[in-house]
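Structural description and commentary
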Amino acid sequence: MKEIRVVESVLKANDVIARDNRTRLNDAGVLAINLMSAPGSGKTALLEKTLPALAPDYASAVLVGDLQTTRDAERVRHLAKSVTQINTGRGCHLDAAQVETGLSGLELNELSFVFIENVGNMVCPAAYDLGEHLRVILLSTPEGDDKAAKYPTLFQIADAVLLTKIDLYDRLDYKVERVRDDLSRINTRAPLIELSAATGVGMDIWLRWLRTEREARRFRPETQLGD
Ligand code: MG
């Protein structure tokens, strides 16, 4: 019982900071997206194509979580207004306090999007609210078509599910119907967007979803009206 209480209090403390993060983002009119997936599902590759596509209309910042290295941050460094690497050491997920520190280094009033690339992991990140507005779960074709059913806690919290690397469908004999079928039992709210960052197929649907979500939130009506 003691261990259970400890876990609960850690999560409670996290949620308080997450709420503060969200308030701060709302006040500045910034939409925060938490990208979660297994390692190697294509979170960074997605950002490499997403950031330049949004850049003419929206300024973005990226917070990148990894246990070690600044490799992912370096890949997107020149593509966003600000890129911050957060090394979690042994931590299998980002927490709200780490994101709070990351947000402190940003000029939030100059931004429209903050993308948070979580640590590659299909279990731990699902339990931690970071103060984001939307949760996007990536599932790459090489991981197999059975993962939504195997890791339901992650897919349950998704606002959108991205099926990535679909240029490999034919080679892997991938059954997208199986993913759809699993999601129909786990999460009927999140759209399933099939895309390939490598070929660009489906990227237009993803970008339209982002733009729609951004515009649908009237953070600052007085400035939105003039946009
Ligand atoms: Mg990455």
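Read on for an overview of the structure. Residue positions are given per chain, counting from 1 as you read along its sequence in written order. For this predicted model, a pLDDT threshold of at least 70 governs which residues receive local features, and a threshold of 80 or more governs which side-chain atom pairs are given and counted, while totals over whole chains, interfaces and linings are taken from all residues. Heavy atoms throughout the structure, all of them, feed into the side-chain values; hydrogens and water do not.

Any covalent bond linking the sulfur atoms of two cysteines counts as a disulfide. In plain terms, two cysteine sulfur atoms within 2.5 Å form what is called a disulfide here. In total, this model carries one disulfide according to the counting rule given. One disulfide in the model links C92 with C124; its S-S distance is 2.4 Å. Because the sign of the S-S torsion sets the handedness, a value of about -100 degrees for the bond joining C92 and C124 places this disulfide among the left-handed ones. With a gap of 32 residues between them, C92 in the loop between strand 3 (82-87) and helix 4 (96-104) and C124 in the loop between strand 4 (113-117) and strand 5 (134-140) connect regions that are remote in the sequence. Only DSSP runs of H or I reaching four residues or more are called helices, and only runs of E reaching two or more are called strands; each is numbered from the N terminus.

Any two strands between which DSSP finds at least two bridges are classified as paired. By the bridge criterion, six bridges tie strand 2 (residues 60-66) to strand 3 in an arrangement that is parallel. Note that in strand 3 the partner of G65 across the bridge is I86.

Now for the sheet that holds strand 7 (residues 192-194). Whether parallel or antiparallel, the strands of a sheet pair through hydrogen bonds between backbone atoms. An order of 3-2-4-1-5-6-7 is seen for the seven strands of this open sheet, with the pairing classed as parallel. Strands with a single pairing partner mark the edges of an open sheet, and in this sheet they are strand 3 and strand 7. Between one strand axis and the next, the sheet turns through 20 degrees on average, direction left out of account. Of the strand pairs in this sheet, strand 2 and strand 4 are connected by five bridges, and their pairing is parallel. The partner of V62 across the bridge, within strand 4, is F115. Residues count as neighbours in contact if any of their non-hydrogen atoms are within 4.5 Å of one another. Only the stretch in contact is used when fitting a helix axis, every axis being a line fitted to C-alpha atoms; angles between N-to-C directions are given from 0 to 180 degrees. Against the sheet, helix 2 (residues 43-54) touches strand 1 (31-36), strand 2, strand 4, strand 5 and strand 6 (160-164), its axis set at about 170 degrees to strand 4. Lying over the sheet, helix 8 (residues 176-186) contacts strand 5, strand 6 and strand 7, oriented at roughly 165 degrees with respect to strand 7.

Okay, the coordination of the magnesium ion next. In an ideal octahedron of six donors the angles at the metal are 90 or 180 degrees, and in an ideal tetrahedron of four donors they are 109.5 degrees. Here the magnesium ion is held by T44 (OG1), D72 (OD) and E117 (OE), and the distances to it run 2.0 to 2.2 Å. One chain supplies every donor for the magnesium ion, spaced along it as T-x27-D-x44-E. On the criterion of sequence distance, the pair formed by T44 in helix 2 and D72 in helix 3 (residues 71-76) is long-range, its members being 28 residues apart. For each residue, the accessible area found with a 1.4 Å probe, counting protein chains only, is set against the maximum for its type, and the residue is called buried under 20%, exposed over 50%, and partly exposed in between. Judged by relative accessible area, which is 15%, D72 ranks as buried. Metal donors: N, O and S atoms at distances within 2.8 Å, or within 3.2 Å for Na, K and Ca, with water omitted from the atom set so that some sites may seem incomplete.

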